[in-house]
Amino acid sequence: LDKVLWPFILECTGHRELDMIEMFQCFPVIMNCVHVLADRVKDQDIFKIDYDYNVNIPKPEELVAKTLVHVTQYASVGKENTRHIVQAMLAASPILTQAADDTAVPDLWSGTVPQLLEYLNHPKFDENKWEDVNHKLLASTVTAKRDAKWMEAISDALQLQIQAYAAPDRADYKRVCLSMIGLTLSKCTRKEYVIKGIDFLMDNADHSIPKHRHGVAKGLGFISNTYADAVLDRLARVRGPSKPPPKPKDKKKPPQGGGTAEHMRGTAALAYGHVTQKTQQNIMTSRMEPSILPSVVALMPELKLQEIKENGMLGIEWLGKGVKKVGFVLKSKEQLMDAILTMVNLVKEEPTGKDAKKKSSSSNKEDTTSRDHFTTTVMGFHAMSALLVGVEPKITPEMTEKIQKNVYATFGKEWVLQEPVNPKDKKKGAEVEKPPEPEPVRDEDENPTTPIQLGMQHGNVQSPFGEDLSDADETLLHWESAQLMCALLEENCCLERLSLLLDGLLDFIRSSVVLERQRALACFVSLLTKFAILRPASKISDDEKNIPNLGKIVGILVPRLADSNVGIRKVALTGLHTILNLRNEYHQEEDSYKKTKDLLERLAPFRPMLGTTDSKELFAHTRQIANFLSVVVTIKDLPSLMDELLQNGLLDVIDDGANGACVVLNGLTHKLGAKLNEDEVHSYLHSMINAMPKVANREQTLNGLLHCVKSLAKHHHKEGFNALLDFEVPHGEYVVKSLQMIATDPALFKLLMAHIVEVMLTSQLFSEEKIEIDKKKKETKDVLKMCKLPLSACTAVGEITEIVITHATGPVGKQTRELAVQFQVQIMCCMLLFVAASHEVYDEEMDPKEVEKEKEKARKAKTEWEPPPKTIDHVRDSFRFFVQRLYGIHCNTWVEQAELWTKFMNAQDYIFALCEMVKIMVVEAQIPEDERDVEKEDVKPLTAKPCSSTPCTQAIYKFMLPYIQKQLDCYRLCACAVVGQLLFHCKGDKEIIQGAMNCLLSRSDQTEQERIKLLAIANLRNITVHPYNEISTYIAPVITTLVSGFQDDSTKVIMETMTTLHHLLTNVDASEQFATVVTPVCMRLKPNLTHEIADIRANSYRLFAILVSLCTEGKLEATVIEQQMFLNMPNILVHVNDEHAFVRNTSKECLHAIAGYLVKNAPGGKSALKALFQKAGYQVDKKMDYDEFSREFTAIWVREFNNHVNDTLVAMLGFFKSNWEVIRANACIFVGHLLSQMDEEALKKVNTDQALQALMNMLKGQAPQVRCKAVKSLGLLLTKKRD
């Protein structure tokens, strides 16, 4: 039987038999039979074959061609059948020769095929490499004989059997056959034969079948190793318009070639990739720029069909790998990338010009969400990654930006990866399945040809989202996008490039769209991982070990740790671990390295925990991570981390993300806040408060931010408080909330109140600014404005004390109130000082036109317009809030009754209001505790009675005492008002009396400002409420001070000194003290009796009247005042008929006082004087007949006081020169009556001629009243002479 079968069984492997389907499928079985039969007959003579005699037996070249094509089909025939073929190849290896002495091929196969069999049975057998192994065997077989005919014979055998693989289900066989034809042609030496072989490949492949395209392309790649120009010439002819395939002349024979020109362009695109990889280096480098690249770039736009586009992407990828392998500088690299980006078509440039509308409408028709476009995108990204890594030169920033934009465009795109269900089929319950992926075609570099297989290529590397993505397509998209970004990083791996790439992803990481966050974060974390791989600690210099934006990177990842998507949370944790571990590895020499490394290992268990759906659990995990970060984050990285959390983390689109950022921020400020410097504290507090309005609708985040403010304030009291007070007044809602949050902590409340007091009292109060008062003349003036910090502190007082009300109950509220009471006096005094200061500043008035515009807006909005608040408004409001919240019902009722809040606003009334407020404070402090809790209606009106000193009085005094000497006028003014009021309410307290008197006397000197001097002089009156024995030592200094003011330049000061002295003389029984000063008082007072200002004259007469009355009562010795009475008598006599009623009345009072003294103490004329001044017409409130009064008074004066007549006459003549007409007239008539009452003897004692001459001169004056009185006086003298 063996003789019957051998060697005729080999006839079943002929190409004609292979055309039959049954025989084709039985090939492995036939080869098994060959193996068994050959083993049995190999030692027999029949084993050797005479090929010339057995013409139907396939020749050695035909056996080689057939077996090598079939043995590569491991995927379709299986391992067992493949083993049968290999065993048959080994058994038949001795017969692969026609000459006995030609053993090259048999020897080759006998040595090599066993290795194939061993590899096939090996546990590490790789199906993907099996085809390449057999290609190598073919190459060795072709060159084994070193015979051109043998080479061409194998090629012819492969070409001959290609007809057997025309059926569609034999596409893999034909692919291998085509590639093997190319391999054999590459070994041939006749160029003409090779060129025909190239044409054979192109013409006998059905280019519409992907596997045929890959076979031809690979074959052309093999040929290019020796005949590159021939291949390139043939590929160049592929480009052109698409034409239908030519019809075969012989209709009986099936067409061996097929596909349109479009399909052939796909073959060409793949072929260029193979050519680049397989051509000899010197030839490839010389042909790349002038031939290959221009052809590829020109070819890419012509690839319209989806599968052809994929071929183009794959061809460029292979081209990139080929160039990288030889280190060729690909100058046209960006042209290739532009071609890919054009095909990917994710980012459309805005059309311009005349065709803009047309271009726009056409681009809208293209479906960019289909599976085809998805595949193009994935493969395009893969191809660009291959071009970027290791291929010089580096791309430009513009190209980097283009690539980034295309990657970003995939983030939010929802791909439609399944065909839509036909509505009719849907009703029947039919489902449309996802179209099957084409089977992969691999070359020796194991490059896949389909998206899914592309992703599987990286199966040994964890996907960016690992197990969290079940969709293979989504995983693949994530992977390729990330790989392309990583390729951009690897091309120029440095911190600057990393920062550039990471920053571009931020908007998408913070997007409200889950897909965008998910895909962008995949790229983000991949970049971090890639950087850690490319730049380990061993490959980085000391200068580069500090990652400048590490804190920012951590801050970007923090909100994602609390994202609503579980996968995003886990990937964020991976990124966090990656960047922190990298930083730690960079600093292995530091002491904290081991500790940080151990902590980072504890971070891994959080990954499954972040998969929870319970918000409380997630919050707890986030808090733990926050504690972790507060330990591992260094102070160098803290600022950038906090900046990122404040600027972006808190504003995250996901509520949980914002809350997570806030939790971490709170942990950082609590644990690391003490390490921040002053400027950082100021900046972060402002950032926190500025962020609060943006998170106002997130209660949890807002509350967390307030606690962050509180934590920073705990670490940095002064800097924190100053930062809060640095906001403009009026404070915004969240500044107030922040201050109140701090105040909820009793310890911080105490520190804050102390700081506010310090700021109000020690910081610069005013700043000087220039304002324009006349735009045309460009005139300016200097004005004072209150500085922001003290005004802000003042405003904060009322805001902070609100917590006394809101936290009234509980131990914390009670403790806070007790602390507030401790600052009660200090704050009240500060407020009094600031009320005074507020009236010193300039508040710019609104332009009337602007006011009208605002009022019109308010009318339209149906609201009431209010002018912008002034400085005093802010101070008054804060003062009012403080009083209302910390003082009792009595105080607040009295304040309302006195309308103090209104009077504080008035420049004329605020001093009175200051004094009243002090009075209320002092009186309220004396109310017993059991009487304080009453209804408002039961509060009795405030009395003005002086009271004894209390601790409150003493505290106010000690606080205000230094301010009496301050440089600022407003401080001295307020201190004068307060101390003066305290002088009224400190009975029995000698310390306050002494201090207050010294303060007031020091402010009453000539050098003090007028308004302060006036207030100090007025407050000296309050000394009279104290017993004489307590104030006796101050009487003389007070009177001396007051008297010195009689000649002051200010009328108001003169008046005030007189009024105060009058009050003192009236209310204090101090004759001994008065006796020592009465003479200087009278001397200083005399000029004022004729002062040009009526009020001064009037007060002078009233004051002199008091002095006379004291003498009359015996409180002053007569010798002290009597001389002054006679000296001042002429002044008084002429002014009792003054033109001013007030002067007339006070003059009369003075004259009555002198008359009373004379009646009591003069030796004569008592009854006459008494009778004269008892007349009704001469009373103070009556208008007298001066002529009649002069007649009656001169009669008594000449008769009873003749020794003073001459002095009186001389003084009266002096009034003839008075500036006032009525005084000259009064003097004239008085002189006339005085002379007319004297006898001859008395006239001789006076200068009568001088008096007459003076009267004659008065007739020459222009005043009719004076001339009239002069004439009347002369008439009286003539009448007396006749008599």
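Residues numbered from 1 in each chain as written. Predicted model: local features only at pLDDT ≥ 70, side-chain atom pairs only at ≥ 80, totals over all residues. Heavy atoms only, no water.

Novice: Would you take a moment to explain the overall build of the chain for this structure?
Specialist: A tally of helices and strands in the chain yields 63 helices and 2 strands. The 1283 residues of the chain split such that 55% are buried. Split by element, the accessible area of the chain, about 57700 Å² in all, is 50% carbon and sulfur. (Helix = DSSP H or I, 4+ residues; strand = E, 2+ residues; numbered from the N terminus. Buried < 20%, exposed > 50% of the residue type's maximum accessible area, 1.4 Å probe, protein only. Areas by Shrake-Rupley, 256 points an atom, 1.4 Å probe, with all protein chains shown as cover.)

Novice: Please explain the packing of aromatic side chains as it appears in this structure.
Specialist: The geometry of an aromatic ring pair is captured by the separation of the ring centres together with the interplanar angle, meaning the angle of the planes. Scanning the entire structure with this criterion turns up 23 aromatic pairs. For Lys278, the ring lying beneath its charged end belongs to Phe222, and the centroid distance is 5.4 Å. Its end group placed over the ring of Trp1220, Arg1097 keeps NZ or CZ at 4.2 Å from the ring centre. (Phe/Tyr/Trp six-rings, centres within 6.5 Å; stacked < 30°, edge-to-face > 60°. Lys NZ or Arg CZ within 6 Å of the ring centre and 35° of its normal.)

Novice: Just checking my understanding: could you explain the packing of helix H53 (residues 1078–1089) against helix H54 (residues 1094–1112) for this structure?
Specialist: For any two helices packed against each other, the geometry is given by the interaxial angle and the distance between the axes. Where H53 contacts H54, the two axes come as close as 9 Å, and the packing angle between them is 150°. One finds that H53 runs roughly antiparallel with respect to H54. Judged by the sense of rotation from one axis to the other, the crossing of H53 with H54 is left-handed. Within the contact between the two elements, H53 uses Val1078, Val1081, Cys1082, Leu1085, Asn1088 and Leu1089 and H54 uses Ile1096, Arg1097, Ser1100, Tyr1101, Leu1103, Phe1104 and Leu1107. Among the residues forming the contact of H53 with H54, the class breakdown is 10 nonpolar, 2 polar and 1 charged. (Axes fitted to C-alpha atoms, helices over the stretch in contact; angles between N-to-C directions. Parallel < 35°, antiparallel > 145°, perpendicular 65-115°, else oblique. Left-handed = near helix turned anticlockwise from the far one by under 90°. Contact = heavy atoms within 4.5 Å. Nonpolar A, V, L, I, M, F, W, Y, C, P; charged D, E, K, R; others polar.)

Novice: Can you walk me through helix H34 (residues 717–725) in this structure?
Specialist: Taken as a whole, H34 has its buried residues at Gly720, Phe721, Ala723, Leu724 and Leu725. On its buried face, H34 sits against helix H32 (678–691), helix H33 (699–715), helix H35 (733–743), helix H36 (746–762) and helix H37 (788–800).

Novice: Explain a negative patch on the surface to me, please; I cannot follow it from the model alone.
Specialist: Taken together, Asp933, Glu935, Glu937 and Asp938 make up a surface patch of like negative charges. Mapped onto the elements, Asp938 comes out in the loop between helix H45 (910–925) and helix H46 (951–960). By relative accessible area, Asp938 is classed as exposed at 53%. (Patch = residues over 30% accessible without salt bridge, like charges linked within 9 Å, V, L, I, M, F, W, Y side chains within 5 Å. Salt bridge = Lys/Arg side-chain N within 4 Å of Asp/Glu carboxyl O. Lys, Arg positive; Asp, Glu negative; His and termini not counted. Charge placed at Lys NZ, Arg CZ, Asp CG, Glu CD.)

Novice: Explain the packing of helix H60 (residues 1221–1236) against helix H62 (residues 1248–1258) here, please?
Specialist: Orientation of H60 relative to H62, taken along the N-to-C sense of each, is 145°, at an axis distance of 11 Å. In this structure, H60 meets H62 at a crossing whose hand is left-handed. Across the interface between the two elements, Arg1224, Cys1228, Val1231 and Leu1235 of H60 pack against Ala1251, Leu1255 and Met1258 of H62. Per-class residue counts for the contact of H60 with H62 are 6 nonpolar, no polar and 1 charged.

Novice: What's the story with the nonpolar core in this structure? I'm lost.
Specialist: Soluble globular proteins: nonpolar side chains tend toward being buried together. Counting 419 residues, the largest nonpolar core has Trp6, Ile403, Phe524, Leu629, Met688, Phe1104 and Phe1189 as the members making the most contacts within it. Contacts of Leu629, omitting those with residues within four sequence positions, involve Val554, Val558, Leu576, Leu580, Val664 and Leu668. (Core = buried A, V, L, I, M, F, W, Y, C linked by side-chain atoms within 4.5 Å.)

Geometry only, nothing functional implied.
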